[in-house]
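This is what each chain is made of:
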Amino acid sequence: MEDLSLASMGLLAGALLATGVVAGIIAGLLGVGGGIVIVPVLYYMFSGLGLDQDVLMHVAVGTSLATILATGTSSARAHWKRGSVDVDLLKRWWWAIALGVLGGATLAGNVSGGTLTLVFGVVALAVSANMLLRKDGASLANSLPGSPVKELIGMLIGGISVMMGIGGGTLGVPTLTLFSYPIRKAVGTAAAIGLIIAIPGTLLSIFFGLGVEGRPPLSLGYVNLIGFILIIPASTYTAPLGAKIAHAIDPSKLKLVFALFLGFTGLRMIYDVMF
């Protein structure tokens, strides 16, 4: 795509700006992290623009991780000020999450785009099923398990999240609440986990994508700089609009809509890979 015309470059920029708008509205509407929205939107947008299938998902994941650097920092700072970040847990857990991120990012950098798409699709289906079937307040235990199970859970959260291009919220919040964490503490702690995922994840996405052919113009490794520059302000500006709409709609219906969105997205991505 390096030889795109000026018109095509404008189309790319417009599509990326639209991605930020959609991601912001849905994130504000449903109270979810941007990555779980940005990755599938980028995936289909890049696919529609004819991006090489071998790098399509890698660029979607890498660009999403880069946006989390900005949005995650803002979110983690806000939760920190409100005292909703479990610092003691992070001190004991960060290295396991980081180790999982290093392993997951290295694996992601050396597998096909189809494999990454399949990972996203399967996990999106699992998250959708959890949202649809798990009763509010349901938990597995009164606290996180001891070592080494706790560290293994942290590694899985880090590894799977970085392969999907998402922050800590999608997997971190349901995991922590499953072990009886208060929802606000779970959300705040997951926001900080998102930075542990995004920082090394972004750097490794850049490293593994250097020199790879078929990437969109103005990409640093697997991070598309146009997307990074346009998505962040667009999503930040439109998220309050989504939040405003959310106050006028039944929360249970919002949860159902997002669960169905994730389920459909997961099935579609799996279908794209398998068929």
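What you are looking at is a predicted structure, and each value in this text was computed from that prediction instead of being measured.

Novice: An account of the overall build of the chain is requested, with residue identities and associated values reported.
Specialist: Of regular secondary structure, the chain possesses ten helices and two strands. Secondary structure elements of the chain occur, N-terminal to C-terminal, as α-α-α-α-α-α-α-α-β-β-α-α. On C-alpha atoms alone, the chain measures out to a radius of gyration of 18 Å, which is about the 19 Å that the 2.2 N^0.38 rule sets for 275 residues. Viewed in the frame of its principal axes, the chain has a C-alpha envelope of about 55 × 45 × 40 Å. By the burial criterion, 50% of the 275 residues in the chain qualify as buried. Partitioning the intrachain contacts of the chain with sequence separation of at least 6 by distance along the chain shows that 81% fall at a separation of at least 24.

Novice: I'd like a description of empty space enclosed by the protein, backed by residues and values.
Specialist: Following the criterion strictly, the structure yields one cavity of 30 Å³ or more and no others. The volume enclosed by the largest cavity comes to roughly 90 Å³. If you trace the largest cavity, you find 14 residues lining it, with V61, A105, A108, G109 and S205 closest to the centre. Put simply, the parts of the chain that give the lining of the largest cavity at least two residues each are α3 (56–81), α4 (87–108) and α8 (183–209). Grouping the constituent residues of the lining of the largest cavity by class yields nine nonpolar, five polar and no charged.

Novice: Outline a nonpolar patch on the surface, supporting the account with residue identities and numerical values.
Specialist: Residues F207, L210, L218, L220, L225 and I229 make up a contiguous nonpolar surface patch of roughly 600 Å² in combined accessible area. Mapped onto the elements of the fold, L218 is located in the loop between α8 and β1 (219–220).

Novice: Describe the pattern of salt bridges, listing the residues and the values that go with them.
Specialist: The final tally for this structure, using the stated rule, is one salt bridge. Among the salt bridges present, the one from D272 reaches R268, with a minimum N-O distance of 3.3 Å. Here the residue D272 and the residue R268 both occupy positions in helix α10 (residues 251–274), the gap between them amounting to four residues, near one helical turn. On the accessibility criterion, D272 (29% relative accessible area) is partly exposed. What makes R268 partly exposed here is its relative accessible area of 39%.

Novice: Talk me through the side chain of H58; I want residue IDs and the actual numbers.
Specialist: Mapping H58 onto the fold places it in helix α3. Classification of H58 as buried rests on a relative accessible area of 5%. Setting aside chain neighbours within four positions, we find H58 in contact with A108, V111, S112, G113, L116 and Y222.

Novice: Give me the nonpolar core: which residues, what numbers.
Specialist: By size, the foremost hydrophobic cluster in this structure holds 67 residues, and its most contacted members are I36, L42, F46, M57, W93 and F120. Ignoring any residue separated from it by four or fewer positions in sequence, one finds I36 in contact with F120, M164, I166, T170, F258, F261 and L262.

Novice: Explain the environment of A129 to me, and be specific about the residues and the numbers.
Specialist: Secondary-structure assignment places A129 in helix α5 (residues 113–133). Note on A129: relative accessible area 31%, which makes it partly exposed. Separated by 131 residues in sequence, A129 and L260 place their C-alpha atoms 9.0 Å apart.

Novice: Outline the layout of surface pockets, supporting the account with residue identities and numerical values.
Specialist: Computed from the structure, the second largest pocket encloses a volume of approximately 290 Å³. Forming the walls of the second largest pocket are 14 residues, and the residues nearest its centre are L156, I157, I160, L171 and T175. For the lining of the second largest pocket, the elements supplying multiple residues, two or more each, are α5, α6 (149–164) and α7 (169–178). Partitioned by chemical class, the residues of the lining of the second largest pocket number eleven nonpolar, three polar and no charged.

Novice: Before we move on, could you go through the packing of aromatic side chains and cite the residues and values that matter?
Specialist: Inspection of every chain in the model, using the stated rule, returns three aromatic pairs. Pairing Y43 with Y44 gives two aromatic rings, centres 4.9 Å apart and planes at 85°, and the pair type is edge-to-face. Its relative accessible area of 29% is what places Y44 among the partly exposed residues. Look at F207 and F208: their rings are 5.2 Å apart centre to centre, the planes differ by 75°, and that puts the pair in the edge-to-face class. Judged by relative accessible area, F207 falls into the exposed class, the value being 53%.

Novice: Tell me what's going on with the packing of α5 against α6, and back it up with residues and numbers.
Specialist: For the pair α5 and α6, the least separation of the axes is 9 Å and the interaxial angle reads 115°. In this structure, α5 meets α6 at a crossing whose hand is left-handed. In contact with L116, V119, F120, V123 and A124 of α5, α6 contributes I160, M163 and M164. When the residues that make up the contact of α5 with α6 are grouped by side-chain class, the tally is eight nonpolar, no polar and no charged.

Cut-offs used in this document
Residues numbered from 1 in each chain as written. Predicted model: local features only at pLDDT ≥ 70, side-chain atom pairs only at ≥ 80, totals over all residues. Heavy atoms only, no water. Helix = DSSP H or I, 4+ residues; strand = E, 2+ residues; numbered from the N terminus. Rg over C-alpha atoms; globule rule 2.2 N^0.38 Å. Buried < 20%, exposed > 50% of the residue type's maximum accessible area, 1.4 Å probe, protein only. Contact = heavy atoms within 4.5 Å. 1 Å grid on protein atoms, 1.4 Å probe; cavity = no way out; pocket = protein on both sides within 12 Å on 5 of 7 lines; lining within 4 Å. Points joined across faces, edges and corners; volume = space filled by probe spheres on them. Nonpolar A, V, L, I, M, F, W, Y, C, P; charged D, E, K, R; others polar. Patch = residues over 30% accessible without salt bridge, like charges linked within 9 Å, V, L, I, M, F, W, Y side chains within 5 Å. Areas by Shrake-Rupley, 256 points an atom, 1.4 Å probe, with all protein chains shown as cover. Salt bridge = Lys/Arg side-chain N within 4 Å of Asp/Glu carboxyl O. Core = buried A, V, L, I, M, F, W, Y, C linked by side-chain atoms within 4.5 Å. Phe/Tyr/Trp six-rings, centres within 6.5 Å; stacked < 30°, edge-to-face > 60°. Axes fitted to C-alpha atoms, helices over the stretch in contact; angles between N-to-C directions. Left-handed = near helix turned anticlockwise from the far one by under 90°.

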